[in-house]
Amino acid sequence: MIIILGAGCAGLCAARRLQTRGHKVLLIEAEDHVGGLAGGIRIQGNIYEYGPHVFHTTDPQILADVKELMGADLIPYHRTIQIKFLGNYFQFPLSISDVIFKLPLSTVLRAALSFVLRAVEVWICRPKIETAETVLQRYYGDVLYKIFFKDYIQRVWGIAPAEFSPSFARERIPRFNILEVAEKAWALLSRHLGSGHAVRTEGYVEKVAGDLYTTRQGFSLITQKMADRITAGGGKILLQTKAVLIRREGQRVTGVRAVQEGKENMLDCEAVINTLPINEIALAFTPGLGVEVEEQARKLRFRAIVFIGIKVRRTRILRASFMYFREHSFNRITDLSYFGFKIEPQGSTLLVAEIACDPADRLWTDEAMVKEAVVADLLREDILTRDEIEEMHVFRAQHAHPMYTLGYERALSVLLEEFGKFHNFETAGRQGRFQYINTHVAMKMGYEAADRLADKI
Ligand SMILES: Cc1cc2nc3c(=O)[nH]c(=O)nc-3n(C[C@H](O)[C@H](O)[C@H](O)COP(=O)(O)OP(=O)(O)OC[C@H]3O[C@@H](n4cnc5c(N)ncnc54)[C@H](O)[C@@H]3O)c2cc1C
């Protein structure tokens, strides 16, 4: 039997692929539901998501698999995003026209000058130390970088852009220059010519590309249907079960210790696919993986998010499906009425506000405080009135975003190299490979890890 740690998109797809290759699978999942970050939480008849998830991909195999799985339950969705800043609403990714027409003329001129100066400077000499800050200054020029990114990144991520690796900017933030426009035009042309391409999972740059889809139960219906297929095929899923230790003999994994309802069990296995945070799993091996590996594992950090779900007595509240704010307690808020969700009772909608923080912050622990902070900001923004609020719920994701801090690449490669020495262990997914990826790439990583494992055991 092969044990898969974590029943998010990566774990579910790994399990399904192993089943199709004739293996018995057991999934171990800490939560009481499958789906991980892409799963929904059912509260009093409604489903709240960890920030509503939209399915999209340009990978033909993943798209075909999800369409086959979902049939008519997969429904097209049109995404709208607005960023409120300096009293104006901007589109994201930043458009040249918004910058020209919505910023004061003097700022636009300074921005254009700084963009040109930065381009010339970089053309003459590259910065000695490349960080996310130097990359963003190059993409946007100093003036726009300061206006749109510097303080915002510090607030959302808790550290300054100069402390991030350049990969953070390259993988996460779209460029704003002539090359980007050319790249978009080419992508559009290729799509019209029908040349869909398979997505590479490593070195993936986060992009929302391809048609967008949702379901009447949000993304959670996709992961639930994946889980149903696995159990229908004879696979087992243990919910509310936490993997706490990986037993090894030399370069072979022989068992996983799991805790369910306070009881510990050692489960023997033929092999393991991990999708849990790579740093935590590296520290869970017994005997340990050595001082160097453990030291590097402790260097990797994740950013947490506290979600505040609000049921409001009105069919639609926000002017776009996603809205970003810079001065409020939450940096993003979504209105689920845009996502095709079935919301009970009729005539109401669900909002989900996201506050980035660390588990050591008061924001993580003090529910009353975060609820009040969000309501105060919604009132200030004239988005709703206090008596329209019917319910509020707080839920959390401790490992929401891998943090690409300076030098993280070395720590990550030490761990991946160590895991590469094992004959029957693979690691995959957003947490498992510490990569800022979307669901379709997590799915693909699950398939790829299953194939690598099945080929070698
Ligand atoms: C706010 C937010 C919005 C997003 N929006 C989108 C979007 O719109 N579209 C999109 O495509 N992608 C989106 N993503 C990315 C997407 O959520 C992830 O890429 C994807 O869900 C990752 O799947 P995974 O299986 O790799 O990891 P996870 O979903 O994190 O799965 C890991 C699983 O392991 C479990 N686990 C952890 N520790 C243990 C343990 N000790 N024992 C047992 N189980 C354990 C967890 O409970 C979890 O279920 C978003 C991410 C965030 C944070």
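These lines cover the structure that appears in this document, whether it is placed above or below. (Residues numbered from 1 in each chain as written. Predicted model: local features only at pLDDT ≥ 70, side-chain atom pairs only at ≥ 80, totals over all residues.)

Examining the overall build of the protein
Check the secondary structure of the protein and you find 15 helices and 21 strands. For a compact globule of 457 residues, the expected C-alpha radius of gyration is about 23 Å, and the protein comes in at 23 Å, within 12% of that figure. The principal-axis extent of the C-alpha atoms belonging to the protein is close to 65 × 60 × 50 Å. Every one of the 457 residues in the protein was classed for burial, and the buried ones make up 38%. A fraction of 73% describes how many contacts in the protein between residues 6 or more apart in sequence connect residues 24 or more apart. (Helix = DSSP H or I, 4+ residues; strand = E, 2+ residues; numbered from the N terminus. Rg over C-alpha atoms; globule rule 2.2 N^0.38 Å. Buried ≥ 20, exposed ≤ 12 C-beta atoms within 10 Å, placed from the backbone. Contact = placed C-beta atoms within 7 Å.)

Focus on the pairing of strand E17 (residues 322–325)
Here strand E7 (residues 81–85) runs beside E17; their pairing, made up of 4 bridges, is parallel. Residue Gln82 lies in a different strand from E17, and its bridge partner there is Met323. The pairing of E17 with strand E18 (residues 332–335) spans 3 bridges and is classified as antiparallel. Residue pairing in the sheet places Tyr324 in a bridge with Arg332 of E18. (Pairing = 2+ DSSP bridges.)

Some thoughts on the sheet that holds E18
Judged by pairing direction, the sheet is mixed, and its 7 strands sit side by side in the order E8-E7-E17-E18-E19-E16-E20 without closing on themselves. Edge positions in the sheet fall to strand E8 (88–90) and strand E20 (389–403), since each of these pairs with one other strand and no more. Within this sheet the neighbouring strands show an average axis-to-axis angle of 25 degrees, counted without direction. Here strand E16 (residues 301–312) runs beside E20; their pairing, made up of 11 bridges, is antiparallel. Opposite Lys311, over in E20, you have Glu391 as the bridge partner. Most of the contacts of helix H12 (residues 367–380) go to E20, to which it runs at about 105 degrees, and overall it touches E16, strand E19 (349–357) and E20. (Axes fitted to C-alpha atoms, helices over the stretch in contact; angles between N-to-C directions.)

Considerations on the site of the ligand
By nearness alone, 35 residues border the ligand, and Gly6, Gly8, Gly36, Gly51 and Gly429 come closest of all. Breaking the shell around the ligand down by element, the ones donating at least two residues are helix H1 (9–20), strand E11 (241–249), E20, helix H14 (429–432) and helix H15 (439–456). For the shell around the ligand, the per-class residue count stands at 17 nonpolar, 13 polar and 5 charged. A domain-level breakdown of the shell around the ligand finds at least three residues from each of domain 1 (2–34 + 219–299 + 405–456) and domain 3 (301–403). (Near = placed C-beta within 6 Å. Nonpolar A, V, L, I, M, F, W, Y, C, P; charged D, E, K, R; others polar. Domains from an automatic or database assignment.)

Regarding unusual backbone geometry
With an omega of -5 degrees, the peptide bond running from Thr286 to Pro287 counts as cis. Mapped onto the fold, Pro287 is located in the loop between strand E15 (285–286) and helix H10 (291–297). Residue Pro345 is bonded to the preceding Glu344 through a cis peptide linkage, with omega at -10 degrees. Backbone geometry places Phe434, a non-glycine residue, at a positive phi of 50 degrees. Locating Phe434 in the fold gives a position in the loop between H14 and H15.

Quick look at the nonpolar core
Counting residues in hydrophobic clusters, the biggest one holds 112 residues, and the most contacted among them are Ile4, Leu12, Ala14, Leu136, Val272 and Ile273. If one sorts the elements of this core by residue count, helix H5 (residues 132–157) sits on top with 11 residues. For Leu12, the residues in contact, after removing those within four places along its chain, are Ala7, Val34, Thr223, Met226, Ala227, Ile230 and Gly446. (Core = buried A, V, L, I, M, F, W, Y, C linked by C-beta atoms within 7 Å.)

As for helix H13 (residues 408–420)
Because each turn of an α-helix spans 3.6 residues, side chains separated by three or four positions in sequence point in the same direction. Across its 13 residues, H13 extends 18 Å between first and last C-alpha, which sits within 8% of the 18 Å expected from 1.5 Å per residue. Considered for burial, the residues of H13 that qualify are Tyr408, Ala411, Leu412, Leu415 and Phe419. The arc that holds the buried residues of H13, viewed along the axis, is 95 degrees, so those residues lie on one side. More than 90 degrees from the buried face of H13, the exposed residues found are Arg410, Ser413 and Glu417. The secondary structure elements touched by the buried residues of H13 are helix H9 (278–282), H10 and strand E21 (425–427). (Expected span 1.5 Å × (residues − 1). Arc of directions from axis to C-beta.)

Focus on the environment of Lys299
With respect to the secondary-structure elements, Lys299 resides in the loop between H10 and E16. Separated by 274 residues in sequence, Lys299 and Val25 place their C-alpha atoms 32 Å apart.

A short note on the sheet that holds strand E13 (residues 263–268)
Taken together, 4 strands build an open sheet; the order of strands is E13-E12-E11-E15 and the sheet is mixed. Where the open sheet ends on each side, the last strands, each with one partner, are E13 and E15. Both E11 and strand E12 (residues 252–260) contribute to a ladder of 8 bridges, which runs antiparallel. In the strand pairing of E12, Thr241 is matched with Gln260.

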